[in-house]
Amino acid sequence: MIEANTPLLRKVRYFWPLIVLCLGLLIIVAIVDSTGDIILAQTLVEGLVRIVIVVAIYMFVGNSGIISFGHIGFVLIGAYATAWQTCCPYTREMFMPGLPTYLLNNSHHFVLAIFLGGVLAAVVALIAGFAIMRLTGIAASIGTFAFMMVFYSAYLRWSTWTSGASSVIGLPTTTTPWVGYAYAVVTITAAFLFTRSKWGLALRSSRDDEVAAKASGVNVFGQRLLAFVISAFFCGMAGGLFGHFLGMLTVDSFYLGMTFITLSMLVVGGMQSLAGAVIGVVVISVVIDVLRRLETGIGGFSIPSSSAEVGVGLILLLILILRSSGITGNAEIYWPFKRDVSSEGALRRQS
Amino acid sequence: MTVDASQGTNAPGADNGMVLEARDVTVRFEGLTAVDSVNETLHRREILGLIGPNGAGKTTLVNAMTGFQRPTAGHVRLGSRVISSLTPHWIRRHGVARTFQAGRLFRDMPVSENIEVAAVSLGMSRKKAHAHAMELLEWIGLADRAALPAGILPYTDERRVGIARALAQKPQFVLLDEPAAGMSDLECDDIMHVVREIPKQFGCGVLLIEHNMRVIMGVCERIHVLDSGKTISRGTPAEVQKDPVVIKAYLGHE
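Residues numbered from 1 in each chain as written. Chains lettered and ligands numbered in written order. Predicted model: local features only at pLDDT ≥ 70, side-chain atom pairs only at ≥ 80, totals over all residues. Heavy atoms only, no water.

### Overview of the pairing of strand E7 (residues 173-177) of chain B
Residues and elements named next belong to chain B.
Reasoning step 1: Counting buried residues along E7, 5 of its 5 residues qualify, which places the element largely inside the surrounding structure.
Reasoning step 2: Across the two faces of E7 the burial is the same, with Phe-173, Leu-175 and Asp-177 and Val-174 and Leu-176 all buried.
Reasoning step 3: Pairing analysis gives 3 bridges linking strand E6 (residues 96-98) to E7, with the strands arranged parallel. Bridge pairing links Arg-98 to Leu-175 in E7.
Reasoning step 4: Chirality of the crossover, the property in question, places the unit of E7, helix H6 (residues 185-202) and strand E8 (residues 205-209) among those that are right-handed. (Buried < 20%, exposed > 50% of the residue type's maximum accessible area, 1.4 Å probe, protein only. Helix = DSSP H or I, 4+ residues; strand = E, 2+ residues; numbered from the N terminus. Pairing = 2+ DSSP bridges. Right-handed = clockwise from strand over helix to strand, strands pointing away.)

As structure tokens, this is what we get:
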């Protein structure tokens, strides 16, 4: 048995849930990378981008307890903001003639472009959140949904900047499995640190009891807004990653379908746990992939198209009925070794 | 003596002359006057009892004094500063804390984090907040429950954690809403001991709402009696107990 009584081991124990998640993903990425299977690699990258989205949504939803139907709006904002900076230098004016001269004539490195996409999403979240975060419970959730509808409709009509209902084609496909992995790790780490920070703690208290949180000095509105902005930032970056994975963008791909899939992943995994967010993405992605392959037919056997959505819907229902706290039961990955006796004793002596 | 309330409670040697006062506080809900021109001044290091039959307006008065209910008329002052227009979390940060009848713990969190929430919101780092929470739990006798989820505590312990949470970062005033409700005599003795210790240990003024007369008579120096939102009597426990108006209010309702 290992006792975590050296400073290093104590650190390892503290970061254990994070280490396990990142190592687990590392193993998956390494295995897929070594097979050289291109189709499998695409599924993997899509999964990694979804991890960024779902973990970002977890930061807000898991800690605040307010379900958001609007975060895909931030993915949309980030995706197009990135495309303005990186897409198709020679045909950019054809797709998006309304862009300001600077954007028409200059391209940014995709890392910077993705970062700025996240920043724009965060700025929009700050403004929208200023109104929406004053609401509570179901009103706040519906507010986020209205927010997404506004941006979806606006981007669909804003054709000089977004190409409207048609696609923007020609983004460099720079989101490789390892790039996706790097962003997933950064996002998971941010979510882990946020959850354990004083802001995460204060926000979770408002999830349990808003009145008692206020009586304990928690600025509930401020904490919600902070989490909303941070999670919008990572959703925005996920949008950029998504564009650079597909190589093209359509407004329609950031709508109810994506909202449904990502929220299903979060609920199936366990809404109030970081491990749940990651595991939910992995499980649902595998299910979707298997069903999609069956839809196209394997060895003469095939199932009707759209079976993937039906399958996810059924799994979501089963989880809600049988285990509403998700696969992880809202728990994090725990330290598998003997509990640290010495430091607990020290804690008692201290007080 | 004038004191700048914005300095907050945590300044070492915060002024003992600071008072929390309700001036002509009135709270009206559509036609019903729940609190009717109530005046009271709570000093630091004293224990003031607030009693009255059910529906007398005790909790509404506490709500008005902690920002959960905006007074329809009148105001609440902390020192020279009017606080009745502030939001609850600011009032807590200025040093007026409260507990709730139902406990209202953060049920999904460990007991220690329930207190840490208040400590970090009042400016401590997480590490310091944890040490502070353990100190308070030690003081109130629940240090061995620190890691348990708050939702599984028996309600007697729940109340005590609620009191510890209200005492995080040494508020100047703490308003306790029926901490002994439903407790046995033995458990009441425990709570009485805790309440008596609060002014001594933390230097704060205590306003105690309680139905249990043994607790009220046992710990309070002064008592304020409300009935139908109005002040009907004030004085020492002995005076109030003999007051015919008080006796009538209680007998009339029971």
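### Some points on the interface of chain B and chain A
Reasoning step 1: The interface of chain B with chain A comprises 28 residues on the first partner and 24 residues on the second.
Reasoning step 2: In total, about 2200 Å² of surface goes out of reach between chain B and chain A, with carbon and sulfur atoms giving 62% of it.
Reasoning step 3: When the area that chain B buries against chain A is broken down by residue, the three leading residues are His89(B), Phe106(B) and Arg126(B), summing to 24%.
Reasoning step 4: At the junction of chain B with chain A, the criterion picks out 1 salt bridge.
Reasoning step 5: Among the elements of the structure, helix H2 (88-93), helix H3 (111-121) and helix H4 (126-140) of chain B are those that each provide at least two residues to the side of chain B that touches chain A.
Reasoning step 6: Split into classes, the residues belonging to the side of chain B that touches chain A amount to 12 nonpolar, 4 polar and 12 charged. (Contact = heavy atoms within 4.5 Å. Buried area = accessible area lost by both parts, 1.4 Å probe. Salt bridge = Lys/Arg side-chain N within 4 Å of Asp/Glu carboxyl O. Nonpolar A, V, L, I, M, F, W, Y, C, P; charged D, E, K, R; others polar.)

### A word on the sheet that holds strand E5 (residues 81-82) of chain B
Residues and elements named next belong to chain B.
Reasoning step 1: Read across the sheet, 4 strands follow the order E2-E1-E4-E5 without closing on themselves; strand pairing throughout is antiparallel. Both outer strands of the open sheet, strand E2 (32-43) and E5, are each paired with one neighbouring strand and no more.
Reasoning step 2: As paired strands, strand E1 (residues 19-29) and strand E4 (residues 73-78) are joined by 5 bridges and run antiparallel to one another. Of the residues in E4, the one forming a bridge with Thr-26 is Ala-73.
Reasoning step 3: Contacts from helix H1 (residues 58-65) reach E1, E2 and E4 within the one sheet, and its direction differs from that of E1 by about 120 degrees. (Axes fitted to C-alpha atoms, helices over the stretch in contact; angles between N-to-C directions.)

### Looking at the pairing of E2(B)
Residue and element names in this part refer to chain B.
Reasoning step 1: Pairing geometry for E1 and E2, over 8 bridges, is antiparallel. By the bridge assignment, Val-25 is partnered in E2 with Val-38.
Reasoning step 2: Remark: 2 residues form the turn of the hairpin made by E1 and E2, two consecutive strands paired antiparallel; Gly-31 in that turn has positive phi of roughly 90 degrees.

### Some details on the pattern of salt bridges
Residue and element names in this part refer to chain B.
Reasoning step 1: Scanning all chains against the criterion turns up 23 salt bridges over all chains.
Reasoning step 2: Here Asp-189 makes a salt bridge to Arg-214, at a shortest N to O gap of 3.0 Å. Of this pair, Asp-189 sits in helix H6 while Arg-214 sits in helix H7 (residues 213-219); the two residues are 25 residues apart in sequence, bridging distant segments of the chain.
Reasoning step 3: Given a relative accessible area of 36%, Asp-189 falls into the partly exposed group.
Reasoning step 4: Given a relative accessible area of 36%, Arg-214 falls into the partly exposed group.
Reasoning step 5: A network of salt bridges, in which partner residues are shared, links Glu-40, Glu-46, Arg-222 and Arg-234.

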